[in-house]
Every structure is written in structure tokens, then in C-alpha cells.
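Single-letter residue listing:
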Amino acid sequence: MSKKIAVLITDEFEDSEFTSPAEAYKKAGHQVITIENKAGNVIKGKQGKAKVTIDKSIDDVNVADFDALLLPGGHSPDTLRGDDRFVDFTRDFAKSGKPIFAICHGPQLLISADVIRGRKLTTVKPVVVDVKNAGAEFYDKEVVVDDNTLVTSRTPDDLPAFNRESLKILAA
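If you look the protein chain up in an unreviewed UniProt entry, it shows as Protease from Rahnella variigena.

Take a look at the structure:
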């Protein structure tokens, strides 16, 4: 069954941490919907390899419209967590019990939403102390799956494992 995956994303995202999962999800028959400040905005990856045209404004989406949430890394999550609308959406998504897939700096939005206390996860090295301070159990592994609702990975090198585990949850 096709699932709708929300992606909170803005400029300076880590190119492959969006493009690789998005391609894997689409290939498996799922819909990937990008969300930022304004539909139609064109954002660029920090490596300059990817450009994304935004599908929806954060003001026009609801958690109920989606089956899963993708939080790519790069500078994007740090920028987005400065805007309460993205933090609230992330918090509401976590409270819904629907799956969340966060890679690299993606957990920064989860930290700001205060939804990782007691959860198992991994992240890129500069965010480890923040994850621990937010009450999560940190594991330095290529992919960590917590309660079949949270998939996290560290870096683009971990994308094969991240995509594999995300797709397993989407298929369930």
C-alpha cells in the first residue's frame, strides 16, 4: 500500500540524505511530499548537487495527511527548528505514533520538539551531546530502530541501512 511521506526541508539540506531516501521511497511506490515555508520555493542542497521544488507550505499541512515523516540532515533541521510551526508539526507527528526517519542532523528537530526522552537513537557526532542531554539513549551504529516508529542514522555513509530499515517499516 502506498504511503504518504512528509519531508520537512529547507536550504542547505544534505543532498544525499534527501535524494537517496526519496528515490528509495518512490521506487517502492510511496509518495514523497516536501514541506517548507512556501509551496513552489526552490531550495538547494549544501553540496550544490540537489535542487528541490517545495510541494506544500507548512501552513497547509496536517499530521493526519501523512503516514511517515522524513527529516534529512545538513543545516536544514537547525534552520527549521527556529520556526515553531516546524517544531509543532514534528511534536504532533511524534505524538501520533507514526514513523519518523531522521538522519545526521535531523534529530535536532526532535530535540526541539522534546520527543526523544527515553528513545533509542543515533545521530552525527556534533549532535550526540544534545541527544543525550535531551534524554535519549545514544548508540553509535549505522542505523538504530526504536519501537518500529523511529529510524535514525549518522551520515550519508549509513544511507543503505537507513533506507532499508525505513522501507521495512513503510511496508509493514
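Text resumes after the structure shown.
Q: Provide a residue-level description of the overall build of the protein chain, including the pertinent values.
A: If you tally the helices and strands in the protein chain, you get 6 helices and 11 strands. Against the globule reference of 16 Å for 172 residues, the protein chain gives a C-alpha radius of gyration of 14 Å, in line with a compact fold. With respect to the principal axes defined by its C-alpha atoms, the protein chain has extents near 40 × 35 × 30 Å. Within the protein chain, buried positions represent 52% of all 172 residues. The long-range fraction of contacts in the protein chain, counting pairs at least 24 apart against all pairs at least 6 apart in sequence, stands at 63%. For the protein chain, the accessible surface area stands at approximately 7800 Å², while carbon and sulfur atoms represent 45% of it. The average position of the 24 basic charges and that of the 27 acidic charges among the side chains of the protein chain differ by 3 Å.

Q: Tell me what's going on with the environment of Ser 20, and back it up with residues and numbers.
A: Tracing the backbone through its elements, the reader meets Ser 20 in helix α1 (residues 15–27). Separated by 142 residues in sequence, Ser 20 and Phe 162 have C-alpha atoms that sit 9.7 Å apart. If we ignore the near neighbours within four places in the chain, the residues touching Ser 20 are Leu 159 and Asn 163.

Q: Can you explain the pattern of salt bridges? Please cite residues and give values.
A: Inspection of the entire model under this criterion finds 11 salt bridges. For Arg 85, the salt bridge is made with Asp 59, and the minimal N-O distance between the two is 2.9 Å. Of this pair, Arg 85 sits in helix α3 (residues 84–96) while Asp 59 sits in the loop between β5 (56–57) and β6 (68–71), and the two are 26 residues apart along the sequence. Given the relative accessible area of 31%, Arg 85 is considered partly exposed. For Asp 59, a relative accessible area of 53% corresponds to the exposed category. Notably, a salt bridge pairs Arg 91 with Asp 88, separated by 2.9 Å at the nearest N-O pair. With Arg 91 and Asp 88 both in helix α3, this residue pair falls 3 residues apart, about one helical turn.

Q: Lay out the nonpolar core in plain terms, naming residues and giving numbers.
A: Ranked by internal contacts, the top residues of the largest apolar core, which has 54 residues, are Leu 8, Phe 18, Ile 35, Phe 89, Phe 101 and Ile 116. At 5 residues, the largest contribution of residues to this core is made by helix α6 (residues 159–171). With near-sequence residues (within four places) excluded, Phe 18 lies in contact with Val 7, Ile 9, Phe 13, Val 32, Thr 34, Val 52, Leu 70 and Pro 72.

Rules used in this analysis
- Within every chain, residues take consecutive numbers counted from 1 along the sequence as written.
- For a predicted model such as this one, the threshold for reporting local features is a pLDDT of at least 70, and the threshold for listing and counting side-chain atom pairs is 80 or more; totals across whole chains, interfaces and linings nevertheless cover every residue.
- Hydrogens and water are ignored here; the side-chain numbers use all heavy atoms of the structure.
- We count a stretch as a helix when DSSP gives it H or I for four or more residues in a row; a strand needs E for two or more, and each element gets its number in order from the N terminus.
- With C-alpha atoms as the basis for the radius of gyration, the globule rule is written as 2.2 Å multiplied by the number of residues raised to the power 0.38.
- Only protein chains enter the accessibility calculation, which uses a 1.4 Å probe; a residue whose area is less than 20% of its type maximum is buried, one above 50% is exposed, and one in between is partly exposed.
- Note on contacts: a residue pair is in contact if any heavy atoms of the two residues lie within 4.5 Å.
- Residue burial considers only the protein chains on display, and all accessible areas are found by Shrake-Rupley using a 1.4 Å probe.
- Positive charges come from Lys and Arg, negative ones from Asp and Glu, while His and the chain ends are left out of the count.
- A charge is said to be at NZ when it belongs to Lys, at CZ for Arg, at CG for Asp and at CD for Glu.
- Criterion for a salt bridge: a side-chain nitrogen of Lys or Arg within 4 Å of a carboxyl oxygen of Asp or Glu.
- Only buried Ala, Val, Leu, Ile, Met, Phe, Trp, Tyr and Cys residues count toward a nonpolar core, and they belong to the same one when joined by side-chain atoms within 4.5 Å.

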